Amino acid sequence: VFNFSAGPAALPVSVLQEIQDELLCYPGAGASVMELSHRGKVFIQIMEEAEASIRSLFGISDDYAVLLLQGGAALQFSMIPCNLLRDSGKSASYLLTGAWGKKAIGEAKKEGTVDTIYSAADTGFDRVPKAGDYTVKDDSAYLYYCSNETIEGVQFQSEPECPTSVPLISDASSDFLSRPLDIDKYGLIYACAQKNAGPAGVTVVVIRRDLLEMGSDKLPGYLNYKNHADNDSMWNTPPTFPIYVLGKVAKWLSSDIGGLAAMEKLNHEKSNLLYQVIDKYPEFYLGHAQVDCRSKMNATFNLPSSGLLEAFVSEAGKNNLQNLKGHRSVGGIRASVYNAMPLEGAQALASFMDDFAAKNG
Ligand code: PLP
């Protein structure tokens, strides 16, 4: 079946096959990768290779630490303000473009002063700001945004404007590894793995090294980025199996796909197929996001009635197109076409949508 789940999401079939082949006995180790000591030579190499592959895909310089953490993206909602806001004597600026940004703001408020300098709440989170829609104070602790709001399906097409004196921070959970990025523009960028990068359980945090010094020694140890950077993400036992899979996905991206620019092109092609059908039947498929803010990862739309919505989901399921129901908070349909969704999956859904609209529209 084609799995359009928003996460945990599909993984590349060739990666799953490799994992299956190695599951009982990792080559040369005499044991499953899940049974290896994180401090042993074999696992350290797996971890170093995973980090190296991510660095090489984005071209990340040594000015940045790449941390492989637990706690999901949600822990970053707190770790960021714990390290960079709590003791800074400053306020932090947030761009609010959807449900995940809202949660992040809620957590940040527990640690310090938050300025929500832009909000798309009034229009139901259907857009991201344009240049001039907000102002960032030069002395903000940081500017935070969510590059792809997974629930509403709105995506920043490029980084928001930010003064050079202010670290730019992005929750890239649902579009990480889907396109090239200039990491030098960021103070910190992070993503949970379970959309484009691997199974749930590991979160990648890329942080500029000067920011590692900002967390207080009084923070609980796990929450201080510096502890993880100083110990190569082995301050405690890292999530070994998810890291192993993350490394395989990163290698698949470079060797099978041809890197992030090639991945972006493919992702563009897949999402375009869906948006073309939505635009062909504008009275039938009611797209949620403004056209220039549409996500290439999660296409969100509604149908004219709840009866048609149910029929769509049920008939799609019979055609092996699964997990298309929108998030319970917004309803409608959400089709997630992350990296591992093959072009044929998007083609099959687009063709189903075309038929369904022609029959029922
Ligand atoms: N941020 C975004 C953009 C997400 O899509 C999600 C999960 O879907 C999260 C944060 C929360 O991730 P986690 O469940 O790993 O904490």
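Analysis parameters
Residues numbered from 1 in each chain as written. Predicted model: local features only at pLDDT ≥ 70, side-chain atom pairs only at ≥ 80, totals over all residues. Helix = DSSP H or I, 4+ residues; strand = E, 2+ residues; numbered from the N terminus. Expected span 1.5 Å × (residues − 1). Buried ≥ 20, exposed ≤ 12 C-beta atoms within 10 Å, placed from the backbone. Contact = placed C-beta atoms within 7 Å. Near = placed C-beta within 6 Å. Nonpolar A, V, L, I, M, F, W, Y, C, P; charged D, E, K, R; others polar. UniProt positions renumbered as here; feature names shortened; annotations may be inferred. Arc of directions from axis to C-beta. Core = buried A, V, L, I, M, F, W, Y, C linked by C-beta atoms within 7 Å. Domains from an automatic or database assignment. Axes fitted to C-alpha atoms, helices over the stretch in contact; angles between N-to-C directions. Parallel < 35°, antiparallel > 145°, perpendicular 65-115°, else oblique. Left-handed = near helix turned anticlockwise from the far one by under 90°. Pairing = 2+ DSSP bridges.

Chemist: Help me out: how do you make sense of helix α7 (residues 260–280) in this one?
Modeler: The periodicity of an α-helix, 3.6 residues per turn, causes residues three or four positions apart to be oriented the same way. If you check α7, its first and last C-alpha atoms are 30 Å apart, about what 21 residues at 1.5 Å a residue would give, namely 30 Å. Considered for burial, the residues of α7 that qualify are L260, M263, L266, N267, K270, S271, L273, L274, V277 and I278. Buried residues belonging to α7 abut α2 (41–58), α6 (240–257), β11 (286–287), β12 (298–302), β14 (333–336) and α9 (343–360).

Chemist: What is the right way to read the site of the ligand from this model?
Modeler: Taken together, G7, G72, A73, A74, W100, C146, T150, D171, S173, S174 and C192 form the complete shell of residues around the ligand. With three residues, helix α3 (residues 72–84) is the largest single contributor of residues to the shell around the ligand. Per-class residue counts for the shell around the ligand are five nonpolar, five polar and one charged.

Chemist: So what exactly am I meant to see when it comes to the UniProt feature "binding site: L-glutamate" (unreviewed entry) in the protein here?
Modeler: Following the UniProt record, one finds the feature "binding site: L-glutamate" (unreviewed entry) at R39. Note on placement: R39 falls in the loop between α1 (13–22) and α2.

Chemist: For this particular structure, what's the right way to read α9?
Modeler: The terminal C-alpha atoms of α9, which comprises 18 residues, lie 26 Å apart, in line with the 26 Å expected from a rise of 1.5 Å per residue. Those residues of α9 that fall on the buried side of the exposure criterion are G345, A346, L349, A350, F352, M353 and F356. With its buried residues spanning 165° around the axis, α9 presents them on a single face. Exposed side of α9, more than 90 degrees from the buried face: E344, A358 and K359 are the residues found there. In this fold, the buried residues of α9 make contact with β1 (2–3), α7, α8 (306–318), β13 (321–322) and β14.

Chemist: What exactly am I supposed to notice about the environment of S93 here?
Modeler: Following the sequence through the fold, S93 ends up in strand β3 (residues 91–96). Residue class for S93 comes out buried when judged on the 24 C-beta atoms lying within 10 Å of it. Residues S93 and P167, 74 residues apart in the sequence, show an inter-C-alpha distance of 10 Å. Excluding its chain neighbours within four sequence positions, the residues that come into contact with S93 are D115, I117, V136, K137, S140, L143 and Y144.

Chemist: Would you mind going over the UniProt feature "modified residue: N6-(pyridoxal phosphate)lysine" (unreviewed entry) in the protein with me for this structure?
Modeler: Here, the residues flagged by UniProt with the feature "modified residue: N6-(pyridoxal phosphate)lysine" (unreviewed entry) are K195. Of note, K195 is situated in the loop between β9 (188–192) and β10 (203–208). Leave out the neighbours within four places in its chain, and K195 touches G7, A9, S173, S174 and Y338.

Chemist: Honestly, unusual backbone geometry in this entry has me stumped. Any pointers?
Modeler: What you tend to see is this: most non-glycine residues have negative phi, and most peptide bonds are trans. G7 connects to P8 through a cis peptide bond whose omega is -10°. Looking at where P8 falls in the secondary structure, it is placed in the loop between β1 and α1. Unusually for a residue other than glycine, N323 sits at a positive phi of about 65°. Mapped onto the fold, N323 is located in the loop between β13 and β14. Assessed through the 18 C-beta atoms surrounding it within 10 Å, N323 is described here as partly exposed.

Chemist: Mind showing me how you'd approach the nonpolar core here?
Modeler: Core analysis: the largest hydrophobic core is formed by 108 residues, its most contacted members being Y144, L188, V204, I207, L246, L274 and L349. Viewed by domain, this core spans two of them, domain 1 (2–8 + 259–360) and domain 2 (13–257), each represented by three or more residues. Filtering out sequence-adjacent residues up to four positions away, L349 remains in contact with F2, L274, L321 and A335.

Chemist: How should I be thinking about the packing of α2 against α6 in this particular structure?
Modeler: Describing two packed helices takes the angle between their axes plus the distance from one axis to the other. Axis separation between α2 and α6 bottoms out at 9 Å; the angle between their running directions is 40°. Classified by the angle their axes make, α2 and α6 are oblique. In this structure, the crossing between α2 and α6 has a hand that is left-handed. Contacts between α2 and α6 pair F43, I46, M47, E49, A50, S53, I54, S56 and L57 from the former with T240, I243, Y244, L246, G247, A250, K251, L253 and S254 from the latter. In terms of residue class, the contact of α2 with α6 is built from 11 nonpolar, five polar and two charged.

Chemist: In this structure, what is going on with the domain arrangement of the protein? I would like to understand it.
Modeler: Accessible area lost on assembly of the parts is the figure often given for the size of an interface. Domain annotation for the protein reports domain 1 (2–8 + 259–360) and domain 2 (13–257). Between domain 1 and domain 2, the residue contacts involve 27 residues of the former and 26 residues of the latter. Elements that contribute at least two residues to the side of domain 1 that touches domain 2 include exactly α7 and β12. Considering only residue class, the side of domain 1 that touches domain 2 consists of 12 nonpolar, 11 polar and four charged.

Chemist: How should the pairing of β3 be read in this particular structure?
Modeler: Residues in a regular strand project their side chains so that they alternate between the two faces of the sheet. Among the six residues of β3, five are classified as buried, and the element is accordingly described as predominantly covered. Bridging between β3 and strand β4 (residues 113–119) involves six bridges; their strand directions are parallel. When the sheet's bridge partners are listed, L95 is paired in β4 with Y118. For β3 and strand β5 (residues 143–146), the ladder comprises two bridges, and the chain directions are parallel. Among the inter-strand pairings, S93 is bridged to a residue of β5, identified as L143.

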